[in-house]
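Chain by chain, the residues:
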Amino acid sequence: MRVASLSLLWFFFAAGGYAQSVRGTVKDTIGKGVPYASVSLRNNLNNTIVAYTITDSDGSYTLKIPVNSPTNNLAIVVRIIGYKSAVKNIASLDLPVDFTLMTVLNQLQEVVVKSNLPVIRTRGDTLSYKVSDFTSPQDRVIGDVIRKLPGITVSADGTISYNNKPVSAVYIGGDNLLDDKYSIATSSIPQGAVNHVQVIQNDQPIKVLQNKVMSNDVALNLDFNKGAKLHLIGEESIGVGLPGNYDVTLNAMTFKNSYKAINYLGGNNVGYNVQKDLLSHNITDYNQRIDNALPATILSIGTVNTPALAENRYLLDKAGVFNLNNLINLKKNVQLKVNAYYVHDTQRQEYRQQTSYFLPNDTVRYTEIQHGRSVSDILHTQATLNINRDKYYLNNALLIDFKDITTYSGLNTDSAAVNQVLKDKTLNISNEFNLIKVLKSNNIIQAYSYISHSAEPENRLIGPGYNAAVFNYNMPYAQLIQNVNIPSWYTNNYFSFKIPSNLITQSFKTGFSVQSQILSSDLNVVQNNNSVNLESDSALNHVNWRKKKLYAEAAYDLLGTVMKANLTLPVVLQQINYSEGLYTLNKNLTRFYFNPQLSVRYQVGTENYMNFYYSYRDQTGTIEDIYPGYILIDYRTLYANNAGLTERKNQQAGGGFSYRKAIKLFFWNINTLYNHIAANNIASNVITNNLQKGIVLPYPNTTDSWIINGSISKYLFALRTTFSGAIQWRSSRSVQLQNNALLPFKTISETFSLNADTKVSDRINFSYKATLTQTYSHSPAVTSAYQVNQLLQQGSVSYIPVEALQFKLSGEHYFTRQQGNSDLKYFFADVAAKFRLNKWKTDFELTAVNLLNVKTYDALYLSTNTLTVSSYELPGRIVLLKVMFNL
């Protein structure tokens, strides 16, 4: 009673401290409320301030008048930067006092604040880097700057990650112009056009679902300066050099609110892969969304490894690209987008390779010397209509992909010379429709439909008379012809109903999918008299496949401030029918699956959080796993199936911690993932000196893998340097069946990296990166264990003696060590000089790539019991003079 009495007395005394109040609104000339304006109550007699407040988000205010203050001769004064100040005398305390402010230009004198210290601004889930704080004069495109931002890393293929999490999209001025092909933007947009690079955590681009379903996505947004929004931007460059090199790029870009475009034409033969910019960085997420993947390419020319080397060091190509990306805002929240490109690419590859298979009682080795050339014509078109409103969302994407790739190979092996020609044509047409609508009850309905058709006829010729003892009863012949095609139809359709609330959103979904495919293949022998016959009855396939799914799903999204979680509980009734008349194969598989998934994010601080993930999935094989007739995959690998359909049970569990201190530019994270896969079949390989035969056999087996990784990034203000580092440890246990011996394997790989990017002065910049990779593989069935250590060091220094002149020297050092082999050491150096004529807005750049003229590169690759030693031909020194001018 004593506490209650004191509380009541405090309330009445506090309430008595104010006698009356004045209310009103502050708006601009178009009637929009002006937030955060200062509102003062002034006594006109002595010119003193009696009370003070600021307007809220809609421009309204309330001024409380102290109890002992006079109520006459009072005036209200409103001030805010950008508007003319206003004063009104109070006629009556009972009437609202409203203001309409006039905008005013140049109200304040210009104040310039100079600081060499970069800052990051945070607002909600958005982190904003000011580009000019991290830019050096040598940076040409925005991708050069993004690589240096604390907390952000860019992989060799252009994938961007924030605090070790890959980004889902890069928005162009808030619009999704490029989907997940964002390397088009990072490699072409001039860094000077971008004002801020914004990191959007928990990104949910669909307005209907914002604050209703959990999202762990991270996206970037490029915020453009005013000049870039008003004018056409373009950088045209023409480069010619020795020996017979060229590099040409013509582009045009615009970033207006109503229309955005990135269009360019380019071609080169200096080792820049134009297809790299067209990479879909989130293709795995796309396949999970549609619950399907295109059949994999089956045939190949050989088994060459990609060199562990910067791509421009080894790529021997002549390529051209025409790329169009245009987005029109038809009206508010309604967009039409067209993305299209055409690529013509001719690549050449010269390599020598020795592959060793270490078996319990033997070691089998293959030696190959290959001269290869591929010619690719690639066409991609996509048209997207998007309506994204608070109560309504519609997205329809029509996509057409066509590839025509012909590969020629001259191959010398231990036993014979082999000439090959592989023709691979791929056509994929699909349409994805997604409609989401909010009902009057505030519940949400969704209708989704996806349909696609694809075909990939593959044809490979091998000759002359390759391995006649195996393929033609030891009789001479002209060539082998292997044909494969898997035409496919697929559709996935569902309807969902969401019940949102302040804490939990409930979602219920039901749908069906159908996949229909035919795998046809034949291996034919062309005799010396040009007659053609089937190699054998076991080299023919005509498999009919149909997979049907009926599914239902309940999902629950917890949308708390401290903890967010998503629990998904899907049930699936799946039926698979496949048959092959020649082998009297006719099988049906009906399964009922329950595949739960849980994702939790717990906020342990304003900027720091923990996350946990668990999923269980029942997976079945594909049509590529069940064909009974042999297919000659490459010139020395025959593969078939002698078991039922492969079924896998896949469990994943992982967690991590993410730390961020934006004001100090400090980021670090650590994550772990465990994966357990149990399968009912195993691939068995019989390896001989001139041929491998593979077959799938019924044998239960498991694969276990652990991944632990972490990264750290810190900007040191005193040194004007961004330091970053990363570590990854991966361990896997698996079994293989080779030459009728069961071989359990344990493979461990460790990767450590350290990076520093410093601005020594306004004229000198320096960067250094070191990456150490260790790979270890051992099997109890094989006497020896094998380990490969690789160290890559990269460094560069830039110097600007005068404003119009820049110099850059860069280098890479590769070191590889493996017991029993000589150490491999390679050093590459590049040098560049750039001179700018400001009057003409033109740059002249002279570059020398691979200055030391290194023309061969050897590499070691270790996987389970296989060690590969490869030697590649490199382009050598390239000297190029380039002229670049801006629109």
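The structure this text deals with has already been given above.
Report follows, based on the coordinates. (Residues numbered from 1 in each chain as written. Predicted model: local features only at pLDDT ≥ 70, side-chain atom pairs only at ≥ 80, totals over all residues. Heavy atoms only, no water.)

## A short note on the sheet that holds strand 8 (residues 120-123)
Piece 1. Strand order in the open sheet formed by five strands is 8-9-14-15-13, and the pairing between neighbours is mixed. Taken across any chain shown, the strands that pair with only one partner, and hence form the sheet edges, are strand 8 and strand 13 (169-172). Here the strands of the sheet are splayed against their neighbours by 20° on average, with no regard to which way each runs.
Piece 2. The pairing of strand 14 (residues 194-201) with strand 15 (residues 218-224) spans seven bridges and is classified as antiparallel. Paired with Val197 across the strands is Leu222, a residue of strand 15. (Pairing = 2+ DSSP bridges. Helix = DSSP H or I, 4+ residues; strand = E, 2+ residues; numbered from the N terminus. Axes fitted to C-alpha atoms, helices over the stretch in contact; angles between N-to-C directions.)

## What to know about the side chain of Thr568
Piece 1. Note that Thr568 resides in strand 31 (residues 563-580).
Piece 2. At 2.9 Å, the side chain of Thr568 forms a polar contact with the side chain of Asn566.
Piece 3. In this structure Thr568 touches Glu553, Ala554, Ala555, Asn595, Pro596 and Gln597, once residues within four positions along its chain are discounted. (Polar contact = N/O pair within 3.5 Å; in protein donor to acceptor, adjacent residues only side chain to side chain. Contact = heavy atoms within 4.5 Å.)

## Regarding the sheet that holds strand 5 (residues 74-79)
Within a sheet, adjacent strands bond to each other through the backbone by hydrogen bonds, running parallel or antiparallel.
Piece 1. Here we have four strands laid out as an open sheet, ordered 3-2-5-6, and antiparallel in their pairing. Since the sheet does not close on itself, it has two edges, and those belong to strand 3 (48-54) and strand 6 (86-89), each with one partner. Strand-to-strand twist in this sheet, taken as the mean axis angle between neighbours without regard to direction, amounts to 20°.

## A short note on the packing of aromatic side chains
Piece 1. As enumerated under the stated definition, the model contains 19 aromatic pairs in all.
Piece 2. Ring centres of Tyr129 and Phe134 lie 6.0 Å apart, and the angle between their planes is 70°; on these two criteria the pair is classed as edge-to-face. This pair shows no difference in class: Tyr129 is buried, exactly as Phe134 is.
Piece 3. Here the aromatic rings of Tyr448 and Tyr494 are separated by 4.8 Å at their centres, their planes lie at 15°, and the arrangement is stacked. (Phe/Tyr/Trp six-rings, centres within 6.5 Å; stacked < 30°, edge-to-face > 60°. Buried < 20%, exposed > 50% of the residue type's maximum accessible area, 1.4 Å probe, protein only.)

## Here we look at the pattern of salt bridges
Piece 1. Inspection of every chain in the model, using the stated rule, returns 19 salt bridges.
Piece 2. The partner of Arg348 in a salt bridge is Glu350, with the nearest N and O atoms 3.4 Å apart.
Piece 3. A relative accessible area of 37% means that Arg348 is categorised as partly exposed.
Piece 4. Residue classification places Glu350 among the buried positions, given a relative accessible area of 15%.
Piece 5. By sharing partners, the salt bridges in this structure join Arg313, Glu812 and Asp830 into a single network. (Salt bridge = Lys/Arg side-chain N within 4 Å of Asp/Glu carboxyl O.)

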